[in-house]
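Commentary on secondary and tertiary structure
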Amino acid sequence: MTCHWHHARFDLESGSTFDLWADDAPIFPVELRNGEVWVKTTLGHADPATHWRQRLADGLAHDLGLVIAKAVVGQLAADVPRDDIVRQVALFGALNRDGWSVGLTILTALANLLPILPEEETYLALFHGARRVAADCDGEAPRRERAPLESRPDPAALKRWLRRWTTVRHREAAERTLLTAIAADLSSDVLADALLAAETDRAFADTGHSLDFINKAFECLDLIGWKHARTVLPTVVGQMVAARGAEESTVWRQPVDLVALCDEAASQLSRLFAASRGARGWSGHAALARELLGDDPVRIFDGLKAAVRAGAAPTDLSRSLAYAAALRVARFGNANEHADWETAHHVFTHVNALHQMLKRIGTARTDEHVTAVRAVLHGAMALYLTRYLNVPPARIPGEHGEQLDDLPTDAETIRAALLDAFDRQRQVDVAARLVARHLTLGHSPQSLIVTLARALLREDAGFHAYQILEAGVRQFTVWGYTDEGRHILIAVARYLAAHSPTERAALQTADIARRLMRGGELHQDEGASA
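Here we take up empty space enclosed by the protein. Summed over all chains, the structure comprises three cavities of 30 Å³ or more. Taken as a whole, the largest cavity encloses approximately 60 Å³ of empty space. In this structure, the largest cavity is lined by Glu199, Thr200, Arg202, Ala203, Phe204, Ala205, Leu211, His350, Ala375 and His378. Among the residues forming the lining of the largest cavity, the class breakdown is five nonpolar, three polar and two charged.

Pasting the structure below:
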């Protein structure tokens, strides 16, 4: 906003009064200076929040990156709450595309990180989320409104129907069933249980993306308000109904029928949960994770059974599973093909989504844990099938007596070196060692996470990079400042380093928008160096 002061003389004793207006500005303020009246003209907007909200709507509608970036800067400068910006973008994405999108997942993942991000990264996170939603909706037909059923069946019937319509791929019926459950004001945990049951009728559907999208839709509503459930939650049904299950692939059937093993173990584990109900105090998460990384599916199932007998809850199993999947990424061998990073990534983000869903369901009725057990078993077998990615395993820095004394000790120096590593290709091991050094010296993990976020947000990052950062932060929060937590952040850093640097064109757009809003010269840097 640019301001200019102008002066004028008039007789203050005459009693004359006047108001000054401009087409797009508020009443001009006046100031008395030594008998003269000075008028401050402000080239701004009478209601900046409303103006920039409309500009963001325009930018989203026409997929205009610079307009989106300026509108985000404008709303933040007008003190618009971050959740309000997220809400506007999320509802645009839900209404202007027929189904949940990658952009909405990125928006929600970054919005989950906003509480820990400083001002600069907050702006970039909102910009990246909004621009990806706009790109997903560009040229797409808007969502078609569907109506709930006129009857109000009980929750158990709605759950059965949702599973049935999902199985036979009847989107219209499945979506109307879900809308009916929402209209009946069923709680989020009951809705989550119903959707998880329908989703896990197929194993590891769409390489894990389907469940992750469902979980992100729930998390989006946590951010923007559950009064928008009817708009947001049904967007996941289309992909859920169309998803291809792993049971349809040869690798899950040959040479060992993993689907049949899962079905057999599910019934056994459900009975064990019923028998061990009330047991508490199980804490073998890390030990179970190591068993889950084994190369024998029967022994993996035996490990899960032993944990349940000892008192493990479904969320305990999913927590161990998520840590084991993070270790797959942390130990990803550099001899693998680059595309194989995504194979390891898919399992980790899938089981993180499962863990979040099971925490949400909590004590909601889950048919004696059948749904939770089946989902955990599918995740365990998806992890089992990626064991080749750790042959041979990459060494985790700081393990087995490895010294890191050749690296800096000062926290800021370490973080600067980490950002420098992300500026160059093939720095996976360097990034991992710097993260390990930072954490083993006891420096703030929050500052390290902000550095990882800064590294991601300056890139033209792919969808999976946003996913793995947010999932890693969520799982680090579960484990805290422990060896396991350190391993999780090392996994995140290795993945991000493997996918950096990029052209950073989006960062240039964000920087131009910010400088325009501040009245800066676009070529100031070039002129100064000429």
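Right, let's talk about the confidence of the model for the chain for a bit. Chain-level pLDDT for the chain is 90 on average; 88% of the residues reach the 70-or-more range. Scored below 50 in pLDDT, residues 1-28 shows 52 contacts in the model against residues more than four places distant or in partner chains.

Throughout the structure, instances matching the rule amount to 37 salt bridges. The residue Arg146 makes a salt bridge to Glu175 at a minimum N-O spacing of 3.3 Å. With Arg146 in the loop between helix H5 (119-137) and helix H6 (155-167) and Glu175 in helix H7 (residues 171-183), this residue pair connects regions lying 29 residues apart in the sequence. The exposure classification of Arg146 matches that of Glu175, with both residues buried.

Before going further, it helps to spend a moment on helix H4 (residues 102-113). Between its first and last C-alpha atoms H4 spans 17 Å; for 12 residues at 1.5 Å apiece the expected length is 16 Å, and the two agree. Taking burial as the measure, the 12 residues of H4 include 10 buried ones, the bulk of the element. Restricting attention to buried positions, one finds in H4 the residues Gly103, Leu104, Thr105, Ile106, Leu107, Thr108, Ala109, Leu110, Ala111 and Leu113. For H4, the secondary structure elements touched by its buried residues are helix H3 (82-95), H5, helix H9 (209-224), helix H20 (445-457) and helix H21 (463-479). Of the residues that open H4, the one with a side-chain oxygen 3.4 Å from the backbone nitrogen of Gly103 is Ser101.

Relative to the helices and strands, Ile488 is located in helix H22 (residues 483-498). Taking the C-alpha atoms as reference points, Ile488 and Ala324, separated by 164 residues in sequence, lie 9.5 Å from one another. The contacts of Ile488, once residues within four sequence positions are left out, are Tyr323, Ala326, Gly472, Gln475, Phe476 and Trp479.

Once that is clear, we can look at the packing of H5 against helix H23 (residues 505-517). Taken N-terminus to C-terminus, the directions of H5 and H23 make an angle of 115°; their axes are 11 Å apart at the nearest point. Relative to H23, the crossing made by H5 is right-handed. On H23, the residues that touch Glu120, Tyr123, Leu124, Phe127, His128 and Arg131 of H5 are Ala506, Leu507, Thr509, Ala510, Ala513 and Arg514. Within the contact of H5 with H23, the residues separate by chemical class into seven nonpolar, two polar and three charged.

Before going further, it helps to examine the packing of aromatic side chains. Tallying each qualifying case throughout the model produces six aromatic pairs. Ring geometry for Phe218 versus Trp226: centroids 5.7 Å apart, planes at 50°, classification tilted. Under the relative-accessibility criterion, Phe218 is labelled buried at 0%. The class for Trp226 is partly exposed, based on a relative accessible area of 29%.

At a minimum axis distance of 10 Å, the contact between helix H16 (residues 340-361) and helix H17 (residues 370-384) shows a crossing angle of 165°. Regarding the angle of H16 to H17, the classification is roughly antiparallel. Where H16 crosses over H17, the two elements pack in a sense that is left-handed. Taken together, the residues of H17 that come into contact with H16 (itself represented by Val347, His350, Val351, Leu354 and Leu358) are Ala372, Ala375, Val376, Gly379, Ala382 and Leu383.

Procedures and definitions
Residues numbered from 1 in each chain as written. Predicted model: local features only at pLDDT ≥ 70, side-chain atom pairs only at ≥ 80, totals over all residues. Heavy atoms only, no water. 1 Å grid on protein atoms, 1.4 Å probe; cavity = no way out; pocket = protein on both sides within 12 Å on 5 of 7 lines; lining within 4 Å. Points joined across faces, edges and corners; volume = space filled by probe spheres on them. Nonpolar A, V, L, I, M, F, W, Y, C, P; charged D, E, K, R; others polar. pLDDT = per-residue confidence, 0-100. Contact = heavy atoms within 4.5 Å. Salt bridge = Lys/Arg side-chain N within 4 Å of Asp/Glu carboxyl O. Helix = DSSP H or I, 4+ residues; strand = E, 2+ residues; numbered from the N terminus. Buried < 20%, exposed > 50% of the residue type's maximum accessible area, 1.4 Å probe, protein only. Expected span 1.5 Å × (residues − 1). Polar contact = N/O pair within 3.5 Å; in protein donor to acceptor, adjacent residues only side chain to side chain. Axes fitted to C-alpha atoms, helices over the stretch in contact; angles between N-to-C directions. Left-handed = near helix turned anticlockwise from the far one by under 90°. Phe/Tyr/Trp six-rings, centres within 6.5 Å; stacked < 30°, edge-to-face > 60°. Parallel < 35°, antiparallel > 145°, perpendicular 65-115°, else oblique.

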